[in-house]
Each structure stands twice: as C-alpha cells, then as structure tokens.
Amino acid sequence: MPGLLEHQATGIFLNAILFATHFLLFYFVFISAYKEELTGFVRLGFCWLGAYALTWICSYLAKGKARLVLTLSFIGILFIVFMFRGY
C-alpha cells in the first residue's frame, strides 16, 4: 500500500507546484536575458515549454520523498530569485 507521498493526487499536486515554480523561474530568466527581444506570447510560449519540459524531467526522475524535497528546493530557489529581484 503506497504512502501519502506516493499517492497519485499528491504527485499531481507536487507537479503543479513544480510547474508554477519552473514557469516563474523561466520567466525571470527571460526577462533578464531578453528584455525587449522576446515579448508577449513568444515569451510565454518559451516559458511554458521550458517549464513543461523541466517539470516532466523532474517528475520522471523523482518519486515520493525525493519529489517533495525537489519541490521545496525549487520553492527556495524561487524565493531567492524574488529577494534578488526586489519583489
């Protein structure tokens, strides 16, 4: 019988949080790297594609407790980015 962290609903919830953090991280990278070159739907498309790919890789490689640790570490990285950007 799987534990709480191996449950499918927990995995979906952690993947959703991972996707949101990855999307925001990619968005801040694109804002810093390409200030005026990529805007609008092109920027959102690249951010969505990068976040989707990174979330897929993370969910494929990490299961259970490792996915929870990975999610918390990406939230920590996003917090550091927020502090650096001044939000």
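Residues numbered from 1 in each chain as written. Predicted model: local features only at pLDDT ≥ 70, side-chain atom pairs only at ≥ 80, totals over all residues. Heavy atoms only, no water.

Draft legend 1. A look at the packing of helix α1 (residues 8–33) against helix α2 (residues 40–61). For the pair α1 and α2, interaxial distance at closest approach is 8 Å and the crossing angle is 135 degrees. One finds that α1 runs oblique with respect to α2. The handedness of the crossing between α1 and α2 is right-handed. Listed contacts from α2 to N15, L18, F19, H22, F23, F26, Y27, F30 and I31 of α1 are R43, L44, F46, C47, W48, G50, A51, Y52, L54, T55, C58 and S59. Here the contact of α1 with α2 is composed, by residue class, of 15 nonpolar, five polar and one charged. (Axes fitted to C-alpha atoms, helices over the stretch in contact; angles between N-to-C directions. Helix = DSSP H or I, 4+ residues; strand = E, 2+ residues; numbered from the N terminus. Parallel < 35°, antiparallel > 145°, perpendicular 65-115°, else oblique. Left-handed = near helix turned anticlockwise from the far one by under 90°. Contact = heavy atoms within 4.5 Å. Nonpolar A, V, L, I, M, F, W, Y, C, P; charged D, E, K, R; others polar.)

Draft legend 2. Inspection of helix α3 (residues 65–85) at higher detail. For α3, which comprises 21 residues, the first-to-last C-alpha distance of 30 Å matches the rise-based estimate of 30 Å (1.5 Å per residue) to within 8%. Turning to α3, the residues buried within the fold contact α1 and α2. (Expected span 1.5 Å × (residues − 1).)

Draft legend 3. Focus on α2. In this model α2 runs 32 Å from its N-terminal to its C-terminal C-alpha over 22 residues, within 8% of the 32 Å that 1.5 Å per residue would give. Within the span of α2, buried status applies to R43, C47, G50, A51, T55, C58 and S59. Down the axis of α2, the sector holding all buried residues measures 155 degrees, keeping them to one side. Counted as exposed and oriented over 90 degrees from the buried face of α2: F41, W56 and Y60. Residues of α2 that are buried make contact with α1 and α3. (Buried < 20%, exposed > 50% of the residue type's maximum accessible area, 1.4 Å probe, protein only. Arc of directions from axis to C-beta.)

Draft legend 4. Highlighting the packing of α1 against α3. The geometry of α1 relative to α3 is characterised by a closest axis approach of 10 Å and an angle of 30 degrees between their N-to-C directions. Here α1 is positioned roughly parallel relative to α3, judged by the angle of their axes. Regarding α1 and α3, the two cross each other, and that crossing is left-handed. Here G11, L14, N15, I17, L18, T21, H22, L24, L25, F28, I31 and S32 of α1 lie close against α3, whose contacting residues are R67, L68, L70, T71, F74, I75, I77, L78, V81, F82 and R85. Residue composition of the contact of α1 with α3, grouped by class: 15 nonpolar, six polar and two charged.

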